[in-house]
Amino acid sequence: MNREHLRSLFTAKSARVDTNKGEAYYKNLYERCRARLDELKKITPLRNIDIAQVLEDEGISRRDFLKWASATTAMLMLPASFTPLVAEAAELMNRVPVIWIELQDCAGNSEAFIRADGPKVDEIILEIISLEFHETLMAPAGHQAEAQLEDAVNNFKGKYLLFVEGAIPVGRGREWCTIGASGETFEEHLKKLANDAAAIVAVGTCATFGGVPAAAPNPTGAVGVMDVVNNKPIINIPACPANPANIVGVILHYVLTGQIPELDSLLRPKFAFGYRIHDNCERRAHFDAGEFVEEWGDEGAQNNFCLYKMGCKGPMTFNNCSIVRYNESVNWPIGAGHGCIGCSEPGFWDKYAYERPMADANIKMAPNGGVEKSVDQFGLGLLTAAGVGIAIHAVASAVAGKKSEGEEA
Amino acid sequence: MKIELIEKIEGEAFLDVSCRQGKVRDAYVRFPHYRGIEKILVGRDPLDALVINPRVCGICGHAHLQATVRTLEKLAGFEPNEKVKKIREITRFCEMVQNHIKWFYLVVFDRLGLTYDFRTVHVMIQKINMLAAIFSGQWPHSSYALPGGVTCDPSQLEILQAKRLVQSVREHFVLLVGAFDIKNLSKDLKRLYDRLEERDLLYTGKSLDRFITFGSDSYVQSSKILHGKVRPAKLHNIREFGQEKSHAKGVTYKGKFYETGPLARTMLRGDLFVKQLHRRYKDSITTRIFARIYEVGTLLKKIDEHLRTIDISEPSYTPLEIPDGETMSAIEAARGSLIHKVCIEKGKIAEYVIITPTQWNLSNAKNGESSIIKKALIGAQCEATDIIFRSFDICSVCTTH
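Residues numbered from 1 in each chain as written. Chains lettered and ligands numbered in written order. Predicted model: local features only at pLDDT ≥ 70, side-chain atom pairs only at ≥ 80, totals over all residues.

**Quick look at the overall build of chain A**
A tally of helices and strands in chain A yields 20 helices and eleven strands. Counting the 409 residues in chain A, one finds 52% classified as buried. If you take every contact in chain A between residues at least 6 apart in sequence, the share linking residues at least 24 apart comes to 71%. (Helix = DSSP H or I, 4+ residues; strand = E, 2+ residues; numbered from the N terminus. Buried ≥ 20, exposed ≤ 12 C-beta atoms within 10 Å, placed from the backbone. Contact = placed C-beta atoms within 7 Å.)

**Side note on the overall build of chain B**
Secondary structure assignment for chain B yields 14 helices and 13 strands. Across its three principal axes, chain B shows a C-alpha extent of roughly 65 × 45 × 35 Å. Looking at the 401 residues of chain B, the share that counts as buried comes to 57%. Nonlocal contacts in chain B, meaning residues at least 24 apart in sequence, comprise 71% of its contacts between residues at least 6 apart.

**Here's the deal with helix 5 (residues 118–136) of chain B**
Note that an α-helix has 3.6 residues per turn; residues three or four places apart therefore point the same way. All names here are of chain B. For helix 5, which comprises 19 residues, the first-to-last C-alpha distance of 26 Å matches the rise-based estimate of 27 Å (1.5 Å per residue) to within 8%. Counting buried positions along helix 5 yields 14 of 19 residues, so the element is predominantly enclosed. Two residues or fewer past helix 5, Gly-137 is found with a positive phi of approximately 90°. (Expected span 1.5 Å × (residues − 1).)

**Here's the deal with the sheet that holds strand 13 (residues 348–355) of chain B**
Residue and element names in this part refer to chain B. Reading across from one edge, 11-12-13 is the order of the three strands in this open sheet, with antiparallel pairing throughout. Only two strands of the sheet have a single neighbouring strand rather than two, namely strand 11 (325–333) and strand 13. Ignoring which end each strand starts from, the neighbouring axes of this sheet average 15° apart. Alignment of strand 12 (residues 336–345) against strand 13, held across seven bridges, turns out to be antiparallel. (Pairing = 2+ DSSP bridges. Axes fitted to C-alpha atoms, helices over the stretch in contact; angles between N-to-C directions.)

**Quick look at the interface of chain A and chain B**
In this complex, chain A contributes 54 residues to the contact, which on the side of chain B involves 57 residues. Examining the composition of the side of chain A that touches chain B, we find that six residues originate from one element, helix 7 (residues 108–116) of chain A, more than from any other. Looking at side-chain class alone, the side of chain A that touches chain B contains 29 nonpolar, 17 polar and eight charged residues. (Nonpolar A, V, L, I, M, F, W, Y, C, P; charged D, E, K, R; others polar.)

**Comments concerning the packing of helix 6 (residues 156–177) of chain B against helix 10 (residues 285–309) of chain B**
Residue and element names in this part refer to chain B. One can describe the packing of helix 6 onto helix 10 by two numbers: an axis separation of 10 Å at closest approach and a directional angle of 155°. Put simply, helix 6 runs roughly antiparallel to helix 10. At the point where helix 6 passes helix 10, the crossing takes the left-handed sense. Here Ile-159, Ala-162, Lys-163, Val-166, Val-169, Arg-170, Phe-173 and Val-177 of helix 6 come into contact with helix 10, specifically with Ile-293, Val-296, Gly-297, Leu-300, Ile-303, Asp-304 and Leu-307. In terms of residue class, the contact of helix 6 with helix 10 is built from eleven nonpolar, one polar and three charged. (Parallel < 35°, antiparallel > 145°, perpendicular 65-115°, else oblique. Left-handed = near helix turned anticlockwise from the far one by under 90°.)

**Side note on the pairing of strand 12 of chain B**
Residue and element names in this part refer to chain B. Extensive coverage of strand 12 is indicated by the burial of eight of its ten residues. Two strands pair when backbone bridges link them, and strand 11 and strand 12 are joined in this way by nine bridges, in the antiparallel orientation. Residue pairing in the sheet places Ala-330 in a bridge with Ile-339 of strand 12. Here strand 12 folds back onto strand 13 in antiparallel fashion, the turn holding two residues, of which Lys-346 has a positive phi close to 50°.

**Notes on the environment of Gly-178 of chain B**
All names here are of chain B. Along the chain, Gly-178 turns up in the loop between helix 6 and helix 7 (187–198). On the basis of neighbour counts, which here come to 16 C-beta atoms within 10 Å, the residue Gly-178 falls in the partly exposed class. When the C-alpha atoms of Gly-178 and Ile-212 are compared, they prove to be 29 Å apart, with 34 residues separating the residues in sequence. If near-sequence neighbours (up to four positions away) are discounted, Gly-178 is found in contact with Leu-185, Ser-186, Lys-187, Leu-189 and Lys-190.

**Notes on the sheet that holds strand 6 (residues 211–213) of chain B**
Residues and elements named next belong to chain B. An order of 6-7-8 is seen for the three strands of this open sheet, with the pairing classed as antiparallel. Among the strands making up the open sheet, the edge pair consists of strand 6 and strand 8 (229–231). The sheet shows a mean angle of 15° between the axes of neighbouring strands, taken without regard to direction. The sheet contact formed by strand 7 (residues 223–226) and strand 8 spans three bridges and is antiparallel. Across the sheet, the residue bridging to Lys-224 is Arg-231, located in strand 8. Those strands touched by helix 8 (residues 262–269) are strand 6, strand 7 and strand 8, and its axis lies near 90° from that of strand 6.

**Some words on the environment of Arg-70 of chain B**
All names here are of chain B. Of note, Arg-70 is situated in helix 3 (residues 61–75). Through-space distance from the C-alpha of Arg-70 to that of Ala-330 is 7.9 Å; in sequence the pair is 260 residues apart. The contacts of Arg-70, once residues within four sequence positions are left out, are Ser-329 and Ile-331.

**A word on unusual backbone geometry**
Going from Ala-216 of chain A to Pro-217 of chain A, the amide bond is cis rather than trans, its omega being 5°. If you trace the backbone, Pro-217 of chain A turns up in the loop between helix 11 (204–209) and strand 8 (222–223). Residues Trp-139 of chain B and Pro-140 of chain B are joined by a peptide bond in cis, for which omega reads -5°. Position of Pro-140 of chain B relative to the elements: it lies in the loop between helix 5 and strand 4 (145–146). At His-141 of chain B, a position not held by glycine, the phi torsion is positive, near 60°. Tracing the backbone through its elements, the reader meets His-141 of chain B in the loop between helix 5 and strand 4. Classification of His-141 of chain B as buried rests on a count of 29 C-beta atoms within 10 Å.

**Describing the confidence of the model for chain B**
Residue and element names in this part refer to chain B. The predicted model of chain B averages 93 in pLDDT, with 97% of residues at 70 or higher. Considering each helix and strand of chain B separately, the mean pLDDT is smallest for strand 1 (residues 2–9), with a value of 64, and largest for helix 10, with 98. ipTM for the predicted complex: 0.88, alongside a pTM of 0.88. (pLDDT = per-residue confidence, 0-100.)

**Looking at the packing of helix 4 (residues 82–111) of chain B against helix 5 of chain B**
All names here are of chain B. Between helix 4 and helix 5, the least distance of the axes is 9 Å, while the angle of their chain directions is 160°. Relative to helix 5, the element helix 4 lies roughly antiparallel. The two elements helix 4 and helix 5 meet at a crossing, and its hand is left-handed. Of helix 5, the residues touching helix 4 (which contributes Ile-87, Ile-90, Thr-91, Cys-94, Glu-95, Val-97, Gln-98, Ile-101, Lys-102 and Tyr-105) are Val-121, Met-124, Ile-125, Ile-128, Asn-129, Leu-131, Ala-132, Phe-135 and Ser-136.

**Digging into the environment of Ile-310 of chain B**
Examined against the element boundaries, Ile-310 of chain B turns out to sit in the loop between helix 10 and strand 11. Ignoring sequence-local partners within four residues, the contact set of Ile-310 of chain B consists of Lys-83, Lys-86 and Ile-159 of chain B.

**A few points about helix 3 (residues 23–42) of chain A**
Residue and element names in this part refer to chain A. For helix 3, with 20 residues, the first-to-last C-alpha span of 29 Å sits near the 28 Å given by 1.5 Å per residue. If you check which residues of helix 3 are buried, you get Cys-33, Leu-37 and Leu-40. Seen end-on, helix 3 carries its buried residues on one side only, within an arc spanning 60°. Within helix 3, the exposed residues directed more than 90 degrees away from the buried face are Ala-24, Lys-27, Asn-28, Glu-31, Ala-35, Asp-38, Glu-39 and Lys-42. Where helix 3 is buried, its residues touch helix 6 (83–91) and helix 12 (244–257). (Arc of directions from axis to C-beta.)

**What about the confidence of the model for chain A?**
Low pLDDT means the predicted atomic positions in that stretch should not be read closely. Residue and element names in this part refer to chain A. Averaged over chain A, the pLDDT score is 78; the fraction of residues at 70 or greater is 75%. Predicted confidence in chain A is weakest over helix 19 (residues 388–391), with a mean pLDDT of 34, and strongest over strand 9 (residues 234–237), with 96. Throughout residues 357–409 the model reports pLDDT below 50, and contacts reaching past four residues in sequence, or to other chains, amount to 76 contacts.

Spelled out as structure tokens, the structure:
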């Protein structure tokens, strides 16, 4: 799928997040979800695990579980009345088969997702999803694993969610990267598995936009899943690594509604990528107050001031890290005093690399506009309603003229 | 008879083995994937490497970040203060610990058909990653370290939180594996030993008995063991060479192959438990596997020590200019010594070379010199190839980068 074409399909308006779609809409959705869950309940579970029992064994009370369900309902941007449905959907996660493949990757998403952690309930739920095949995690290796993959595809034709981690080399690297004994190229492998999938979830920046392998000069000709597959619904969950909570969100949404979540022009679920890091950043108040870190280790750094001047890409990066955070929500990059590096934005390796003087860098706006702008144009148009922070920004006076021309204001 | 073993590890690796009468006669390792990260780095600002290099590997990204930082600092002739060193070591040791635990249970126990307490293992991994994230923001793939220091500036509150986590992981660890007492093994260590004995694997996988470590920190000092003698190891003696049908390069030290990783580190440190095992089983899979899990305990103790002695009033960062020039430095990663080499001209990267631990352990033989993996496999029972191969804790994504 051509990205420019995609982008043009979506107007700025459609890229906005609509958190209240009206009573009639939610009533209708509720009924559809209800019917979907009743339908799923009739299917024999793929893995015979009772989540209520698992949670109890783990010492998680029903009350904790419902708390998690209500937080997840909010994350999915659904009204609170959907909470019982979300809880039910979580219990039915073992009805949806998942196949996970790794292509040109570093295994970082798998590490973040399955072998590492996520919020407690999320992680237990992930244990019970029906992961039919995962290359790194599967006990059998080599030929055995290949046979198992084939079985999984045949058994769940048209029903499985295909998770893809890693980019696909379609240039010079096409023949350099092959899979297993068959010697298939990554592209052939992906297309074959995509044909029988219900939908494809591209996990991490490599699978969505090509990521690190696609950084200039892109030695292998790496691209994302959406550049290769054009006959299936695709959901992109960028970031390096992708946040496990968003992965759970997507699966849960699929279980609940039987559909993929609402996406933006870059096929990212709006519930996770509808806002910028900056919008909900814990250091936002310092930005508005004009309090910045001016140099690593200075007084501002010791006082957790805003990292914008140190090259933080939070204002241009659409993701929910500032709310969901990482590793049991213990911290996130900005919490450790380093600005956001924009790892979930397309082409960030070439455009966002963090030491570049921000005022000069041309950054593609995403998703609501295809025009490249420098950060300060960006800032003046979009960053802040109050404009206080920007007013004392060092270069504000230099670019003040641009404000009047700014079409975004 | 020829066997082709395809290992789905982090990425994919092929092991071509030819067998006669049930014994391995010859072996060749191939890596079929490639991303070209060294090429991507050329022409970029040196600081770009801080963002790109951690992405070489999703499991030891921290080590790649710190190797990059140390190489650039070395170029500037800069040595960080104690606080910075300790914070960096804490997070890197956390990464090593979580890697070893995952490998021990998810790979070794799984392959040997042993069951384990999945929940406790999971909790340990989770907590150790949380500990790293307190300082690094997230795990995997963090960017909190940069030439001149670290961006985090922990308060006593964070130190306390970290101390509690390391305490809890240490408690879980002891409950799982028991004490490292060779005459009195218990719990999971005993179960592992018994299983190896039962399958007649105790003495299998012996290799060249040469060890090398290039990283120097509070845990281990750069040195090598050849013919039982400890000597300093010098980075300029390292040579890489291309290998047929594989995207991984081989690597030698003065034309010879050496083993790197936990076994090398513990041998060079002279840890009694590993020395005792080595006396009996030499560098077989037994010593190799036990050395790696033994390291978890030592590293956790180091983390705890650092948390107790860190002086948080020291600055987190010292401003630093990165000059043009060429240099090379090493850091200890979970799987062994990770070497980064950079050449900067007119403020841009002219060349960047990454040599990973798995390259040392999985080089194919060259010029009549037998390599670590080849020596370990030849003569072994064909059925044992898988566990011998796995005992090196291979990472394919790192190796081919």
